[in-house]
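Descriptive analysis of the structure
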Amino acid sequence: MNIKTLAVVKREFLTRVKTKGFIIGTLLLPVIFALLFGGVFIFGALFQPKGQDITIIDQTGRIYGEFTTLQNGTLKNGEPRFRWSEFELGDATLEDTKVELSAKVLSKELDAYIVIPSDIIESKVIAFFARNVSDMEGIHSFRRSFSTIISNIRLAEKGYPADEIRSEMAQGRVNLETIQVTEKGDIGKNSVSNFILTYLLCYILMLFIMSYGQMVTRSVIEEKSQRITETIISSIKPIELMMGKLIGICMVGITQLLVIAGFILAFSLYGDDLLMKAGVEAPKLLDIIRSINFTPVLFFYFIVFFLFGYLIYGAIFAAIGAMVNTEDEGQQFLTPVMMLNMLSFFVMFSVAKNPDTTAALWVSLIPFFTPVVMFARISALDPVLPSGAFISIFTTGLFLYGLLWMVAKIYRVGILMYGKKPSLKEALKWIKY
Amino acid sequence: MKIVEVKNVSKQFGKLKAVNDISFSIEKGKVYGVLGPNGAGKTTTIRMIMNIIIPDSGEINIMGESNLKKINHKIGYLPEERGLYRKMKVNDVLLFLGELKGMKGKSAQTEIDFWLDKLELTEWKKKKVEELSKGMQQKLQIIATIMPKPELLILDEPFLGLDPINTQMIKDIIMEEKKRGTTIIFSTHQMESAERLCDEIMLINKGQKILSGTVSDVKSQFGSKYIQIAFTGDNSFLNESQIIDHYTEFGNYVEIELKAGNDPQSLLESLVSKIKISRFEVMEPSLHDIFINSVQGEDELGRME
């Protein structure tokens, strides 16, 4: 690279990295990801439910006691999760009582009441009246407890030993361990955590390709709209300027990616300790985090495919920037290209589930899809390389060479054109100049 | 040695002949003015010299090279369409533009400090470009153009948007650059500036060269001398004298143009006995007059066609 191109690289890099926005954004990004990733659990831990007063009308007279023993959970501060009370109907009718209790619920004297009908064993329907009926977890847990009690009663009526059956069933529960068979031996792998990692990485990949590609457009348009181009072009060839721009902005992206990669690595190493300390009690989540396997090899491919994706889309975006005068004008050309990038992300979903099929191979060889889709296959099959991984690097490289050649021609003419924005046809004519 | 050689260059945009068969050359160390009204083809000519616009026909050689890429570090160019990175700091912009011309870190910084001081911009060094006024940004551009010590300086409308003080400052700098041996081309429609700065000028209108040469050549070639006289006494001589072509009265003085082939000296002789003269001055025509006359003449010619 010559000194002039290097000067452009340096300028593009430093003017972006030195801004407050970049520093804050880079530090904030991992935090945002953390919130997205573990947010549900962290917030769950933050917003502890308060104790609730619930009354039960037990028309069978035999369920209340057992149910309240099962639902005897406590809050963090040691107080009971639910304060149960039983309502004896006595002479009052059920309808009158329901009206009375509903009024109490509305006046917040009570949080909820439950009506267990006398024919529950047959009808199997229990009514739960409350101001808030969207506490899925709580309702689910009530349903489980009632089901246990009712099925126990039904078993007992038929003369089966309910406790024995239950304990046998619990002991018979099986775990399915997933083990990937590879040439390097069998590797234990958690399929959920692998899919989450693939999904997360592909999402970051697409996001970065898109936002850094757009940065290229903005950078080109800035020089055009601020009338800087002529000054610069008197010292440097257009292609050198374009390459310097592409490389400089790319380095900003890689800098940011390194920070995020460091974060994901740290999270997969220390994430569960951290969440434990934060008081998150979600063993499933901890399992997933524990088994995230973000290897340096995977990161290497991530960078390679980021480079490819960024260069393909960045080059097209540079050509678009050179064709138009303002960002608004550019939008019309940018949108279809961005849709193409988004499409590769949607394709990725199905490919990541079946990464080793022939269809997956062909889709991942389409240059516009290769970056996200091929990376998804690599990540899903890691540590085995999917078929066509090296071929795709070769074909994308070749495609990129042709694309850059074409874009350089459009760029060279476009950056000095002011006034009416050209049609796509006119712009393609510039290639011949 | 010819630094710039332009041979029969033409450029057409659609139906408009922006530049029509223009030729000229510039000797090393000369200041060359490209003059003309708006839309005459000045900027197109300069852009073709800078290889920004490719001519339809003709040939351009700079320092003996037809490929500008090899020597563009020796050329300082101030385009008519000029702007700077608004979000960058003044010092950073200059460093960047210096680097593009092949200047290196420390020596570039020394030059930048020197020029910022000279053009009274030192206190703006750490400010963003967008905080500067238009005039200050213009000076910044001029610094960026001159700082790398180019051998050829091409300035397209360098005085545009500058107040008289800054205009003078830039004129002084152009003269200093000339003393350094720099060849300078600039375009302007400010005739007084051209008259004072240029060794040679070229006047173009509607893409065509109307006249060219040294300033005094052009003046003797295209303008007739006229005489200003301030006097007291009988003014009947104005109508009686055989050698006066026409005159204009301005209250305090009259302006006289003599018939072709007559000497101001003989007019003076004939007047000494008739009136009391307080001022007698032989005036050269200004480029301004020549400019207006030539351009209007062209236009009338155009209308007659």
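Here the structure is a predicted model, which is why all the values come from computation and not from measurement.

**A closer look at the overall build of chain A**
Within chain A, the regular secondary structure consists of 17 helices and six strands. Its C-alpha atoms give chain A a radius of gyration of 31 Å, clearly above 22 Å, the size a compact globule of 433 residues would have. By its C-alpha atoms, chain A is 100 × 55 × 40 Å across when sized along the principal axes. Out of the 433 residues belonging to chain A, those deemed buried represent 45%. Considering only residue pairs separated by 6 or more positions, chain A has 74% of its internal contacts joining residues 24 or more positions apart. With the model as given, the accessible surface of chain A reaches about 22800 Å², and the carbon-plus-sulfur share is 64%. The distance from the centre of the 41 positive side-chain charges to the centre of the 38 negative ones in chain A is 16 Å.

**Re the pattern of salt bridges**
Side-chain pairs of opposite charge can arise where the charged atoms are in close proximity. All told, the structure shown has 22 salt bridges over all chains when counted by the stated rule. Among the ionic pairs, Lys-118 of chain B bridges to Glu-176 of chain B, the shortest N-O distance being 2.7 Å. Placement of the pair is Lys-118 of chain B in helix H3 (residues 105-118) and Glu-176 of chain B in helix H5 (residues 164-179), with a sequence separation of 58 residues. Salt bridges here are not isolated pairs; linked through shared partners, they connect Arg-11, Glu-12, Arg-16, Glu-223 and Lys-245 of chain A.

**Considerations on the sheet that holds strand S3 (residues 31-35) of chain B**
Within a beta sheet, neighbouring strands are joined by backbone hydrogen bonds and run either parallel or antiparallel to one another. Residue and element names in this part refer to chain B. With mixed pairing, the six strands of this open sheet are ordered in space as S5-S6-S7-S3-S8-S9. Lying at the two open borders of the sheet, with one neighbouring strand each, are strand S5 (75-78) and strand S9 (208-214). With strand direction ignored, the average angle separating the axes of adjacent strands in the sheet is 10°. Where S3 and strand S8 (residues 200-205) come together, four bridges link them in parallel fashion. Paired with Val-34 across the strands is Met-202, a residue of S8. Seen against the sheet, H5 touches S3, strand S6 (152-156) and strand S7 (183-188) and runs at an angle of roughly 155° to S7.

**Comments concerning a positive patch on the surface**
The grouping of Lys-18 and Lys-20 of chain A together with Lys-89, Lys-126 and Lys-128 of chain B at the surface amounts to a positive patch. The partly exposed category is assigned to Lys-128 of chain B, whose relative accessible area is 33%.

**Details of the interface of chain A and chain B**
Reports often express the size of an interface as the amount of accessible area lost when the parts come together. The interface is formed by 23 residues belonging to chain A together with 22 residues belonging to chain B. When chain A packs against chain B, the two sides together hide about 2200 Å² of surface, and 60% of this comes from carbon and sulfur. When residues of chain A are sorted by the area they lose upon contact with chain B, Arg-11, Glu-230 and Ser-234 of chain A head the list and together hold 27% of the total. Counting every contact that joins chain A to chain B gives nine residue pairs in polar contact (both at pLDDT 80 or more).

**Overview of the domain arrangement of chain A**
By the assigned domains, chain A splits into domain 1 (3-43 + 190-432) and domain 2 (50-167). Using C-alpha coordinates to define each centre, domain 1 of chain A is positioned 54 Å away from domain 2 of chain A.

**Focus: a nonpolar patch on the surface**
Taken together, the side chains of Ile-24, Leu-28, Val-31, Ile-32 and Leu-35 of chain A make up a nonpolar region of the molecular surface, amounting to roughly 430 Å² of accessible area. Examined against the element boundaries, Val-31 of chain A turns out to sit in helix H2 (residues 20-46).

**What about the nonpolar core?**
As a rule of thumb, soluble globular proteins bury nonpolar side chains together. Of all hydrophobic cores here, the largest spans 165 residues; its most connected members are Val-4 and Ile-62 of chain B. A per-element tally of this core places helix H12 (residues 296-323) of chain A first, with 20 residues. The residues contacting Val-4 of chain B, other than those within four sequence positions of it, are Phe-24, Ser-25, Ile-26, Ile-49, Asn-61, Ile-62, Leu-152 and Ile-185 of chain B. Counting residues in each nonpolar core, the second largest holds 17 residues, with Ile-63, Phe-67, Ile-114 and Ile-121 of chain A among its members.

**Quick word on the packing of aromatic side chains**
Under the defined criterion, the tally for this structure stands at 30 aromatic pairs over all chains. Centroid distance Phe-300 of chain A to Tyr-301 of chain A: 5.4 Å. Interplanar angle 70°. Geometry classified as edge-to-face. Three or more aromatic residues link up through ring pairs in this structure, and these residues are Phe-67, Phe-82, Trp-84, Phe-128, Phe-142 and Phe-146 of chain A. Seen from the ring of Tyr-85 of chain B, Arg-11 of chain A lies directly overhead, with NZ or CZ sitting 3.5 Å from the centre. Between the NZ or CZ atom of Arg-279 of chain B and the centre of the ring of Tyr-253 of chain B, over which it lies, the distance is 5.5 Å.

**Notes on a negative patch on the surface**
Residue and element names in this part refer to chain A. On the surface, a cluster of negative charge is made up of Glu-66, Asp-163, Glu-164 and Glu-168. Looking at the negative patch, the element that brings in the most residues is helix H7 (residues 162-171), giving three residues. Turning to its location among the elements, Asp-163 is positioned in helix H7.

**Digging into helix H1 (residues 42-49) of chain B**
Residues and elements named next belong to chain B. Counting buried positions along H1 gives eight out of eight residues, so the element sits mostly inside the fold. Buried residues of H1: Lys-42, Thr-43, Thr-44, Thr-45, Ile-46, Arg-47, Met-48 and Ile-49, and no others. Following H1 by one or two positions, Asn-51 has its phi on the positive side, about 65°.

**Describing the packing of H12 of chain A against helix H15 (residues 370-381) of chain A**
To describe two helices that pack against each other, one gives the angle between their axes and the distance between the axes. All names here are of chain A. Orientation of H12 relative to H15, taken along the N-to-C sense of each, is 170°, at an axis distance of 9 Å. Between H12 and H15, the crossing angle belongs to the class labelled roughly antiparallel. Of the residues in H15, those touching H12 at Leu-298, Tyr-301, Phe-302, Phe-305, Phe-308 and Gly-309 are Thr-370, Pro-371, Met-374, Phe-375, Ile-378 and Ser-379.

**A word on the sheet that holds strand S2 (residues 16-27) of chain B**
Residue and element names in this part refer to chain B. Strand order in the open sheet made by the three strands is S2-S1-S4, with antiparallel pairing throughout. In the strand order of this sheet, the two ends are held by S2 and strand S4 (57-62), each with one partner. Pairwise comparison of adjacent strand axes, ignoring direction, gives a mean angle of 15° for this sheet. One ladder, built from five bridges, connects strand S1 (residues 2-13) with S4; its direction is antiparallel. Following the sheet pairing, Ser-10 is matched in S4 by Ser-57.

**Comments concerning the side chain of Gln-138 of chain B**
All names here are of chain B. Position of Gln-138 among the secondary structure elements: in helix H4 (residues 134-146). A polar atom in the side chain of Gln-138 sits 2.9 Å from the side chain of Arg-82. Beyond its immediate sequence surroundings of up to four residues, Gln-138 is in contact with Arg-82, Glu-157, Pro-158, Phe-159, Leu-160 and Leu-162.

**Digging into the pairing of strand S3 (residues 112-116) of chain A**
Strand residues, when the strand is regular, have side chains that alternate between the two faces of the sheet. All names here are of chain A. In terms of burial, S3 is largely enclosed, as five of its five residues are buried. Neither face of S3 is exposed, since Ala-112, Ile-114 and Ile-116 on one face and Tyr-113 and Val-115 on the opposite face are all buried. As paired elements, S3 and strand S4 (residues 127-130) share four bridges and run antiparallel to each other. Directly across from Ala-112, in S4, lies its bridge partner Ala-130.

**As for the environment of Asp-92 of chain B**
With respect to the helices and strands, the residue Asp-92 of chain B is situated in helix H2 (residues 90-100). With 37 residues separating them in the primary sequence, Asp-92 of chain B and Val-129 of chain B have C-alpha atoms 9.7 Å apart.

**Points about helix H9 (residues 264-272) of chain B**
Residues and elements named next belong to chain B. All of the buried residues in H9 are Pro-264, Leu-267 and Leu-271. End-on view of H9: buried residues confined to an arc of 55°, all on one side of the axis. Every exposed residue of H9 that faces more than 90 degrees away from the buried side is listed here: Glu-269 and Val-272. Check the buried side of H9 and you find it contacts strand S10 (226-232), helix H8 (237-240), strand S11 (244-249), strand S12 (254-258) and strand S13 (276-283).

Each value, and the rule that gives it
Residues numbered from 1 in each chain as written. Chains lettered and ligands numbered in written order. Predicted model: local features only at pLDDT ≥ 70, side-chain atom pairs only at ≥ 80, totals over all residues. Heavy atoms only, no water. Helix = DSSP H or I, 4+ residues; strand = E, 2+ residues; numbered from the N terminus. Rg over C-alpha atoms; globule rule 2.2 N^0.38 Å. Buried < 20%, exposed > 50% of the residue type's maximum accessible area, 1.4 Å probe, protein only. Contact = heavy atoms within 4.5 Å. Areas by Shrake-Rupley, 256 points an atom, 1.4 Å probe, with all protein chains shown as cover. Lys, Arg positive; Asp, Glu negative; His and termini not counted. Charge placed at Lys NZ, Arg CZ, Asp CG, Glu CD. Salt bridge = Lys/Arg side-chain N within 4 Å of Asp/Glu carboxyl O. Pairing = 2+ DSSP bridges. Axes fitted to C-alpha atoms, helices over the stretch in contact; angles between N-to-C directions. Patch = residues over 30% accessible without salt bridge, like charges linked within 9 Å, V, L, I, M, F, W, Y side chains within 5 Å. Buried area = accessible area lost by both parts, 1.4 Å probe. Polar contact = N/O pair within 3.5 Å; in protein donor to acceptor, adjacent residues only side chain to side chain. Domains from an automatic or database assignment. Core = buried A, V, L, I, M, F, W, Y, C linked by side-chain atoms within 4.5 Å. Phe/Tyr/Trp six-rings, centres within 6.5 Å; stacked < 30°, edge-to-face > 60°. Lys NZ or Arg CZ within 6 Å of the ring centre and 35° of its normal. Parallel < 35°, antiparallel > 145°, perpendicular 65-115°, else oblique. Arc of directions from axis to C-beta.

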